[in-house]
Amino acid sequence: MADRRKMTTSAGAPVPDNQNSITAGERGPVLMQDYQLIEKLSHQNRERIPERTVHAKGWGAYGTLKITGDISKYTKAKALQPGAETPMLARFSTVAGEQGAADAERDVRGFALKFYTEDGNWDLVGNNTPVFFVRDPVKFPDFIHTQKRHPKTNLRSPTAMWDFWSLSPESLHQVTILMSDRGLPTDVRHMNGYGSHTYSLWNDKGERFWVKFHFKTEQGHRHWTNAEAEDVVGKTRESTQEDLYGSIDKGEFPRWKVQVQIMPEEEADKHSYNPFDLTKVWPHADYPPIDIGVMELNRNPENYFAEIENAAFSPSNIVPGISFSPDKMLQARIFSYADAHRHRLGTHYESIPVNRPHVEVAHYHRDGQMNTYGGIATGNPDAYYEPNSFNGPVQDESAQEPPLKISGDADRYNHREGNDDFSQPRALFNLFDQGQKDRLFANIAAAMGGVPGEIIERQLALFDQVHADYGNGVRAALKAAHGYEANAVPVTGNTPQNAAE
Ligand code: NDP
């Protein structure tokens, strides 16, 4: 006992008694002067920070990215050179559920990676799917509202989801993936990750190449059916946390093969699809994936809140040799992710240890919440503006990327006009065997419980355009699950629309 560390207040003063508060007499009341009690209660009141609006429920671990291939002719990024080994952090998540949501839910999984490179942090904030539901960021908040709770009932609303999807044909590709086997992975070790957006690589000669990043699970794919997931959730709501933490704790380190698809800059205009459209993949036949290395997760965090809840990933974090593309969704996320962290964690969220680069930072940002840079990160108190004569840090022109060659008139271009939203979901549908198709139909029918008939019919018309078997398969599954006949209205759900009927 004698050599145990002694408790202190947060100001470092010794705490003489952590069992009994100070009261005026044995029966109370407590005194205002019991600052240790007040400090303890006020800290408890502040333990929660705002949960993420999306991707609130998450699981994470540290690891290493090892580069074994050679793509040095495409990029000068130090972390992508042959033989490079870069420490990293991964955070996986579901999209719609709140922080306490069950893990085994049908939902897209976030696949966010932070690489602590010699040139600062490089973040790839991807998903377990190569595409997304919308291609124009102006639709993103609307889409997320349909996934979250109805403002009046406070319930999730299948009506809102299918209303939005059926009015947004660009969602078909992602809806098909979400409702397929891969829409409910057993855990995060048994799923792929995709950078999803098109990024770019640039080399020492100033040449730019478009790139897609892929992370292929070496554990194999594993999914649950809806019925299996219901069983799991009945037993544990933390199945993914248990799996990821448990496997790393046992020394079973999950690995992903890292691949890139590379498109020469001038080829962007030659395809029928827009290579910067987040609802589209680049077919492997056009751009075969190139193996470049392995990502392994091998260390659990010591403190979930400090290292995973506080982890802040943003596509704005790029390093020399890696850059952006015209992808509209990417451009919006470059703003909105960093903005979300400033709101959620504070202005200087990148000074929190898990977010802190492994290289020294040297900037002229001043003051602000959570400024733990010792006041100013220039190494000299007189160098608090730029340019200065006090040896303050200066720009590094070697980090200047080649110009992004884009041109066009500023306008609101209709992203639905003339856009083929059906061929790629069809290519995916054609990859499914009959069992996979049957489960797809059944999952969609299950998710449509309580949705008004006109919305179902609008969605069926979209499935028909992907493949006649798709629409008809869902019709048959709707009949089996809900006794649904064309244009009939099932009224089994709790949506406000049904309540009004
Ligand atoms: P490919 O046949 O070359 O596509 C193969 C890709 O499809 C692989 O990445 C594979 O992932 C994935 N895939 C295979 N079976 C399934 C399944 N049951 N559910 C989900 N994904 C599956 O043809 P294309 O490149 O032309 O792509 C065809 C369709 O495959 C696309 O429209 C898209 O929906 C989907 N896809 C394509 C990807 C791409 O980058 N081209 C990436 C992922 C999906 P794995 O290797 O892990 O088995």
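Residues numbered from 1 in each chain as written. Predicted model: local features only at pLDDT ≥ 70, side-chain atom pairs only at ≥ 80, totals over all residues. Heavy atoms only, no water.

S.K.: Requested: an account of the overall build of the protein chain, with residues and values cited.
M.R.: The secondary structure content of the protein chain amounts to 13 helices and 10 strands. Whereas a compact globule of 501 residues would reach a radius of gyration of roughly 23 Å, the protein chain reaches 26 Å, a difference of no more than 12%. Once the C-alpha set of the protein chain is aligned to its principal axes, its extents read approximately 75 × 70 × 50 Å. Across the 501 residues in the protein chain, those meeting the buried criterion constitute 49%. In the protein chain, once contacts between residues fewer than 6 apart in sequence are set aside, the share between residues at least 24 apart is 72%. As displayed, the protein chain has an accessible area near 25,200 Å², and 51% of this comes from carbon and sulfur atoms. Averaging the positions of the 53 positive and the 67 negative side-chain charges in the protein chain gives two centres separated by 3 Å. (Helix = DSSP H or I, 4+ residues; strand = E, 2+ residues; numbered from the N terminus. Rg over C-alpha atoms; globule rule 2.2 N^0.38 Å. Buried < 20%, exposed > 50% of the residue type's maximum accessible area, 1.4 Å probe, protein only. Contact = heavy atoms within 4.5 Å. Areas by Shrake-Rupley, 256 points an atom, 1.4 Å probe, with all protein chains shown as cover. Lys, Arg positive; Asp, Glu negative; His and termini not counted. Charge placed at Lys NZ, Arg CZ, Asp CG, Glu CD.)

S.K.: Can you break down the confidence of the model for the protein chain residue by residue, with the values?
M.R.: Chain-level statistics for the protein chain give a pLDDT mean of 94 and a share of 96% at 70 or above. Confidence drops under pLDDT 50 across residues 489-501; counting only partners more than four residues distant or on other chains, this segment forms 25 contacts. (pLDDT = per-residue confidence, 0-100.)

S.K.: Give me the environment of Ile49: which residues, what numbers.
M.R.: As for its placement among the helices and strands, Ile49 is situated in the loop between α1 (35-45) and β1 (58-67). Here the alpha-carbon distance between Ile49 and Glu309, two residues 260 residues apart in the chain, equals 9.1 Å. Those residues in contact with Ile49 that sit more than four places away from it in its chain are Phe305, Glu309, Asn310, Arg344 and Leu345.

S.K.: If you had to explain helix α9 (residues 423-431) to someone new, which residues and values would you point to?
M.R.: Considered for burial, the residues of α9 that qualify are Gln424, Pro425, Leu428 and Phe429. Mapping the buried residues of α9 onto a view down its axis gives an arc of 145 degrees, with all of them on the same face. Looking at the buried positions of α9, the neighbouring elements they touch are α4 (172-179), α10 (434-447), α11 (453-466) and α12 (468-482). (Arc of directions from axis to C-beta.)

S.K.: I'd love a proper account of the packing of aromatic side chains, names of residues and values included.
M.R.: Tallied over the entire structure, the rule returns 23 aromatic pairs. Measuring from ring centre to ring centre gives 6.3 Å for Phe441 and Tyr470, while their planes differ by 40 degrees; the resulting arrangement is tilted. Taken together, the residues Phe441 in helix α10 and Tyr470 in helix α12 connect sequence positions 29 residues apart. The same class applies to Phe441 and to Tyr470, which are both buried. An aromatic cluster of at least three residues, connected via ring pairs, comprises Phe132, Phe133, Phe140, Phe143, Trp162, Phe164, Trp165, Phe429, Phe441, Phe463 and Tyr470. One residue, Lys437, lies across the ring of Phe429, its end atom 4.7 Å from the ring centre. (Phe/Tyr/Trp six-rings, centres within 6.5 Å; stacked < 30°, edge-to-face > 60°. Lys NZ or Arg CZ within 6 Å of the ring centre and 35° of its normal.)

S.K.: Outline the site of the ligand, listing residues and values.
M.R.: Around the ligand sit 19 residues in total, of which His173, Arg182, Asn192, His284 and Gln424 are the nearest. Between an oxygen atom of the ligand and a side-chain N or O atom of Asn192, the distance comes to 2.7 Å. A distance of 3.0 Å separates an oxygen atom of the ligand from a polar backbone atom of Gln424. Contributions of two or more residues to the shell around the ligand are made by β7 (208-217) and α9. The element best represented in the shell around the ligand is α9, accounting for four residues. The residue makeup of the shell around the ligand, split by class, is nine nonpolar, eight polar and two charged. (Near = heavy atom within 4 Å. Polar contact = N/O pair within 3.5 Å; in protein donor to acceptor, adjacent residues only side chain to side chain. Nonpolar A, V, L, I, M, F, W, Y, C, P; charged D, E, K, R; others polar.)

S.K.: Which residues make up the packing of α10 against α12, and what values do they have?
M.R.: Where α10 meets α12, the closest approach of the two axes is 8 Å, and the angle between their N-to-C directions is 55 degrees. Classified by the angle between their axes, α10 and α12 sit oblique to one another. The handedness of the crossing between α10 and α12 is right-handed. Each of Leu440, Phe441, Ala442, Ile444, Ala445 and Ala446 in α10 lies in contact with α12, whose residues at this interface are Asp469, Tyr470, Gly473, Val474, Ala477, Leu478, Ala481 and His482. Each residue belonging to the contact of α10 with α12 can be placed in one class, and the counts come to 11 nonpolar, two polar and one charged. (Axes fitted to C-alpha atoms, helices over the stretch in contact; angles between N-to-C directions. Parallel < 35°, antiparallel > 145°, perpendicular 65-115°, else oblique. Left-handed = near helix turned anticlockwise from the far one by under 90°.)

S.K.: So, the nonpolar core: which residues are in play, and what are the values?
M.R.: Among the nonpolar cores identified, the biggest contains 41 residues, and Phe133, Trp162, Trp165, Ile444, Phe463 and Tyr470 are the most heavily contacted of them. Counting residues per element, the ones that place at least two in this core are α2 (140-147), α3 (158-166), α4, α9, α10, α11 and α12. Per element, the largest residue contribution to this core is six residues, and it comes from α11. Residues from two domains meet in this core; each of domain 2 (58-133 + 168-355) and domain 3 (423-500) gives at least three. Contact partners of Trp165, with chain neighbours within four places excluded, come to Phe133, Phe143, Gln147, Ser171, Val175, Leu178, Met179, Gln459 and Leu462. (Core = buried A, V, L, I, M, F, W, Y, C linked by side-chain atoms within 4.5 Å. Domains from an automatic or database assignment.)

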